[in-house]
Amino acid sequence: VLKLGETFGLRLEISEADSRTSFHRRVQDAVDNGYNTQNPTLYLDAHDKLIEHCQFALDNVPNRVDRLSTSTAVEITLDLFRELSRYFETTAPWKLAKGSDEDKERLKVVLWHAAEALRIGFTLLHPVMPGKMDEALAALGFTFEESSKELAWRTSGTFTLKPIGPLFPRIETKKAEPAAQST
């Protein structure tokens, strides 16, 4: 379980399986509150590591899928999502949203980078989970075909975010009630 703290007023504790959807929801929450995800115009040092992880995944996942080494390809892509979690911890978009006008400009850049990392991760996982990744990409305003054509870290572009529910909803099971003890 990744504990992500306060994010846009929500306390989130999520499993890795649901982290992809939760990141999208946080980006969507910010957009709903007036922060768009258009072209990044500011540069933050924290972006380097996220971009580096995206590039590593882009360089390594496709050839692993081609060689049927899918478990390694999935692990590399999940590492990208873990780096995105660290990116959120480092850049603290929930604090930027409450800050100065300069902070709010930085927030736009952070959200754009997060959405771009999600787009890349969803596209790389598509061969393994096509239906779910189609849903996730659609929530970012892309089809798999569109995203595949631009399968590189983009330095500009826009995202048309749409609400999405959990891709992997938690299945709640009732605990068995203890049997009454006879005396």
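Each remark here, short or long, concerns the structure printed above.
The following refers to the structure shown. (Residues numbered from 1 in each chain as written. Predicted model: local features only at pLDDT ≥ 70, side-chain atom pairs only at ≥ 80, totals over all residues. Heavy atoms only, no water.)

1. As for helix α6 (residues 130–139)
Residue pairs spaced three or four apart in an α-helix point in one direction, given the helix's 3.6 residues per turn. Buried within α6 we find M133, A136, L137 and A139. Down the axis of α6, the sector holding all buried residues measures 155°, keeping them to one side. (Buried < 20%, exposed > 50% of the residue type's maximum accessible area, 1.4 Å probe, protein only. Helix = DSSP H or I, 4+ residues; strand = E, 2+ residues; numbered from the N terminus. Arc of directions from axis to C-beta.)

2. Details of the packing of helix α3 (residues 70–91) against helix α5 (residues 101–125)
Interhelical geometry of α3 versus α5 gives an angle of 170° and a closest axis separation of 10 Å. In terms of orientation, α3 and α5 fall into the roughly antiparallel class. In contact with V74, T77, L80, F81, L84, Y87, F88 and T91 of α3, α5 contributes V109, V110, H113, A114, A117, L118, I120, G121, F122, L124 and L125. Of the residues in the contact of α3 with α5, the class split is 15 nonpolar, four polar and no charged. (Axes fitted to C-alpha atoms, helices over the stretch in contact; angles between N-to-C directions. Parallel < 35°, antiparallel > 145°, perpendicular 65-115°, else oblique. Contact = heavy atoms within 4.5 Å. Nonpolar A, V, L, I, M, F, W, Y, C, P; charged D, E, K, R; others polar.)

3. Thoughts on the packing of aromatic side chains
The final tally for this structure, using the stated rule, is five aromatic pairs. Ring geometry for W112 versus W153: centroids 6.1 Å apart, planes at 80°, classification edge-to-face. Within this pair, whereas W112 is found in helix α5, its partner W153 is found in the segment after α7 (144–149), the two being separated by 41 residues in sequence. As far as the burial class goes, W112 and W153 line up, both buried. When the ring of W112 is compared with that of F159, the centres are 5.9 Å apart and the planes differ by 65°; the resulting orientation is edge-to-face. (Phe/Tyr/Trp six-rings, centres within 6.5 Å; stacked < 30°, edge-to-face > 60°.)

4. Things to note about the packing of α5 against α6
Across the interface, α5 lies against α6 with an axial gap of 9 Å and an inter-helix angle of 160°. It follows from the interaxial angle that α5 and α6 lie roughly antiparallel. Judged by the sense of rotation from one axis to the other, the crossing of α5 with α6 is left-handed. Between α5, through R119, F122, T123 and L125, and α6, the contact on the second element is made entirely by M133, A136 and L137. Of the residues in the contact of α5 with α6, the class split is five nonpolar, one polar and one charged. (Left-handed = near helix turned anticlockwise from the far one by under 90°.)

5. Quick notes on the nonpolar core
Of all hydrophobic cores here, the largest spans 38 residues; its most connected members are L84, F122 and L140. Of all the secondary structure elements, the ones that give two or more residues to this core are α2 (46–66), α3, α5 and α6. Broken down by element, the residue count for this core peaks at twelve residues, all from α5. (Core = buried A, V, L, I, M, F, W, Y, C linked by side-chain atoms within 4.5 Å.)

6. A closer look at the side chain of E83
With respect to the helices and strands, E83 occurs in helix α3. On the basis of relative accessible area, E83 is assigned to the buried category, the value being 4%. In contact with E83, other than residues within four places in its own chain, are K49, L50 and H53.

7. A word on unusual backbone geometry
Positive phi, normally seen in glycine, also occurs at A92, with a value near 45°. Turning to its location among the elements, A92 is positioned in the loop between α3 and α4 (93–96).

8. Here we look at the environment of T143
Position of T143 relative to the elements: it lies in the loop between α6 and α7. Judged by its relative accessible area of 36%, T143 falls in the partly exposed class. Placed 20 residues apart in sequence, T143 and T123 show a C-alpha to C-alpha distance of 9.2 Å.

9. Looking at the pattern of salt bridges
All chains considered together, the criterion is met by seven salt bridges. Salt-bridge contacts for R82 lead to E75; the nearest nitrogen and oxygen are separated by 3.0 Å. On the accessibility criterion, R82 (19% relative accessible area) is buried. The class of E75 is partly exposed, set by a relative accessible area of 37%. Salt-bridge contacts for E116 lead to R154; the nearest nitrogen and oxygen are separated by 3.0 Å. Placement of the pair is E116 in helix α5 and R154 in the segment after α7, with a sequence separation of 38 residues. (Salt bridge = Lys/Arg side-chain N within 4 Å of Asp/Glu carboxyl O.)

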